[in-house]
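So you can see what is in the structure, the chains are spelled out below.
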Amino acid sequence: MEVLIAVIKLIIVVVVLSVYVMYATWYERKVIGHMQQRIGPKRVGWHGLLQPIADTIKSFWKEDVIPDRADKPLFWLAPVIAAAFPFAAAVAIPFAPPLHLANGKVFYFSVFHSKIDILYILAMLGLASFGVLMAGVASGGSKYAFTGSQREAAQIVSYEAILALALLNPILMAHSLSIEGIVEAQRHLWFVFYQPFAFVAFVIAMIAATARVPFDLPEAEPELVAGHMTEFSGLKMGLFFFGQYVLIFVVSALASIVFLGGWTGPVLPGVVWYWIKILAFIFMYTWFWGTFPRYRYDQLMDIAWKALLPLMILNILWTGFALAVGLPVF
Amino acid sequence: MNEAYVTKNEREVILNVGPQHPATHGVLRYVVKLDGERIVSSDPQVGFLHRGIEKLAEYMTYNQFNPYTDRLDYLASMNNNLAYVMAVEKLLGISDKIPPRAQYIRVIMAELGRIASHLVWLATHALDIGAMTVFLYCFREREYIIDMFEMACGNRLTYNYIRIGGVARDLPDGFLDRLKEFTKLFYGKVKEYHQLLSKNRIWLKRTKGVGYISKEDAINYGIAGPCTRGSGVDWDLRRDMPYLVYPELNFEIPVYDEGDVYARYLVRMEEMVQSNRILEQCAENIPDGDVMVDEPQYVWEPKERVMTHNYALMKHFVKVVKGFKAPPGEVYFGAENPKGELGFYIYSTGEGKPYRLKIRAPSFINISAMPKMVEGGLIADIISVIGSLDFVFGECDR
């Protein structure tokens, strides 16, 4: 029974996320369109609602070009990895607050839950960028792809530490690594008010983790054509985008759970609060896209190593100190 | 990385940026030698858009060549027309006889062209650095200008409006009202761009201290226009070698001393405002009168006269087929174009066609300074520098 429920949940997650990705592209195009005084997709379906479906069908029928010099197995594996690990991370993200059933059991709206959800998600996020690295190496001497991957490597070492350190503060305060425990600890006040610096650092790191503006260095279009994806076409390229959008969902959900109290909030029901927060983060991505220019990759490393890392270490020291002596604010 | 691409015992990789590349503004092939992402040396290669325009000029009458100048810097066709036409007029010795209304119209068109060209520069510069929204905002304002050009001459990209002896026809009704409307509106728009970029930390980081060129180097390379004014060279042909009615107009020449991408950015942003000021004054002061000089041997007669008078038709036929006879001699005229000094050198042997016509293309000369600017930078700096030099390949390759 348990297994059956898990399998059904898994199928639902994959379907929901696939549809989500398609409509996330539509949403983004609409939002940025209106920011730029355009109207965005309008022709296919009502307000362009069928546009993502048309795009998906198109990417299925695109010719799949594999360069002669490419490392074939890796070339196949790279997009699969780039899409698979964000999905692996997403299975631990709940779609709604857990339901307390009448028979005393708890129904979770995530495929699995454990005491170390956060750790698991972080591990999967780390592995997701592996596909990007692989793509550059597998592209068979394409310099743009290689430089893109090189940048991704520099980006991983920059943001990964920040991402974990920023999460450490709320974890210390909640005494828990599980999503439920962290949300429970914010019943009265969200962690963003205790830990504003950690929140800002996390937002910066999560944008870097998903490689979006202003940190979209691995695929910086005017510089590297399409970066690590230069040699990929058709469905393979689609898979990279797929992975990226799922990743955006995962980190947005993570940010809203850890810093904005997940499904806690006044008046409105929990699930509404939860999705409002996630969508706000996704909107933030689009907003940044429409507003910011792009950093240079050495500048990203400067920000991460010279500014955010010392700040985060101080923050952790302060949090630990405050918890140890029991300052009233906590 | 494939073994064949990395030279033995060397860390350097040679990267071909372009000619098909999203940020090379046309067909620049930029060969860069890289150590990691750092640029060791670089070499711009041009000529992919070479059409032999200078040679074509030798087989054409002066009037026939005018539309070809549209195809040089296709973002500022009006300014190209102006520079060429002024050079021919200098050769013919009729520069002083151009009616004032025509002169004002020329200034209006040139300054509108300057704003339109700078808008495209800002749009692509910002897009290359990643600020996508500025791109569309700039094209929104450019649309106003293009619409005005369409009112005046019927075309939206290649105008052929400024003719030898004046302009093709008078401004249509309502043009000046639209111009006034535009000038009033444009200050706010420039403020909008400033808000998005000028104080933006990321923008500053990407442009400040990047692509530095000293005052001496800027002069030695011969680069002109906004690029040198960003390096502290106070030189603008509109003021220093005045032509048309510029001496009567009140405007400032922005000069910044930093010599980096940001300084060149500020120069062009300020130039747009100054051009707008010029337009305001022109819209106020424009006199009535003819728009064509009264020199029957150089200028085509009105169409009605050609269609009704036998002798006029014959003269028209000769002028179209053989061109007017320009006095022998050589002449150079340089005009301040959005990209820099666009000069036309014409050598005439007294025929209806120029013996030799040489174009001093600012884009070409600006590109020559690129290796100096990007040396020691990163790949991303190439993009900033390309944006700040603002070249158009129609003009560079000719």
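Residues numbered from 1 in each chain as written. Chains lettered and ligands numbered in written order. Predicted model: local features only at pLDDT ≥ 70, side-chain atom pairs only at ≥ 80, totals over all residues. Heavy atoms only, no water.

### Things to note about the interface of chain B and chain A
For clarity, the cut-off: The contact criterion used is simple: two residues touch if any of their non-hydrogen atoms lie within 4.5 Å. Two parts placed together each lose some accessible area under a 1.4 Å probe, and adding up what both lose gives the buried area. Here a salt bridge means any side-chain nitrogen of Lys or Arg lying within 4 Å of a carboxyl oxygen belonging to Asp or Glu. Here a polar contact is taken to be a pair of N or O atoms separated by no more than 3.5 Å, where protein atoms must pair a possible hydrogen donor with a possible acceptor and residues adjacent in sequence count only if both atoms sit in side chains. By definition, any uninterrupted DSSP run of H or I lasting at least four residues is a helix, any uninterrupted run of E lasting at least two residues is a strand, and each is numbered from the N terminus. Gly counts as polar in this scheme, as do all residues outside two lists: the nonpolar Ala, Val, Leu, Ile, Met, Phe, Trp, Tyr, Cys and Pro, and the charged Asp, Glu, Lys and Arg.
Listed per partner, the contact involves 38 residues of chain B and 31 residues of chain A. Each partner contributes to the roughly 3,100 Å² buried at the junction of chain B and chain A, and carbon and sulfur atoms together form 58% of this total. Our count for the chain B to chain A interface comes out at one salt bridge. Across the salt bridge formed by D381 of chain B and R296 of chain A, the nearest N and O atoms sit 2.8 Å from each other. Our count for the chain B to chain A interface comes out at 11 residue pairs in polar contact (both at pLDDT 80 or more). Among the secondary structure elements, those contributing two or more residues to the side of chain B that touches chain A are β1 (12-17), α4 (100-129), α5 (132-153), α6 (175-197), α7 (201-207) and α16 (379-389) of chain B. In terms of residue class, the side of chain B that touches chain A is built from 23 nonpolar, eight polar and seven charged.

### Digging into unusual backbone geometry
Keep this limit in mind: Accessibility here uses a 1.4 Å probe with only protein chains present; expressed as a share of the type maximum, an area under 20% marks a residue as buried, one over 50% as exposed, and anything in between as partly exposed.
Not every positive phi belongs to a glycine, and H175 of chain A is a case in point at roughly 55 degrees. Relative to the helices and strands, H175 of chain A is located in the loop between α5 (143-174) and α6 (179-185). Residue classification places H175 of chain A among the exposed positions, given a relative accessible area of 68%. Of note, the phi angle at D390 of chain B is positive, near 55 degrees, even though the residue is not glycine. Inspection of the secondary structure assignment puts D390 of chain B in the loop between α16 and α17 (393-397).

### A closer look at the sheet that holds β1 of chain B
Residues and elements named next belong to chain B. We count it as follows: Paired strands are those between which DSSP finds at least two bridges. Whenever a helix is involved, its axis is fitted only over the stretch in contact; in every case the axis is a line through C-alpha atoms, and angles between N-to-C directions fall within 0 to 180 degrees.
The three strands are arranged β1-β2-β3 in an open sheet whose pairing can be described as antiparallel. Whereas interior strands pair on both sides, the edge strands pair on one side only; in this sheet they are β1 and β3 (38-45). Between one strand and the next, the sheet's axes are offset by a mean angle of 20 degrees, whatever the strand orientation. In terms of strand pairing, β1 meets strand β2 (residues 29-35) through six bridges, oriented antiparallel. Along β2, the bridge assignment pairs N16 with V31. Docked against the sheet, α16 engages β1, β2 and β3, running at close to 150 degrees with respect to β2.

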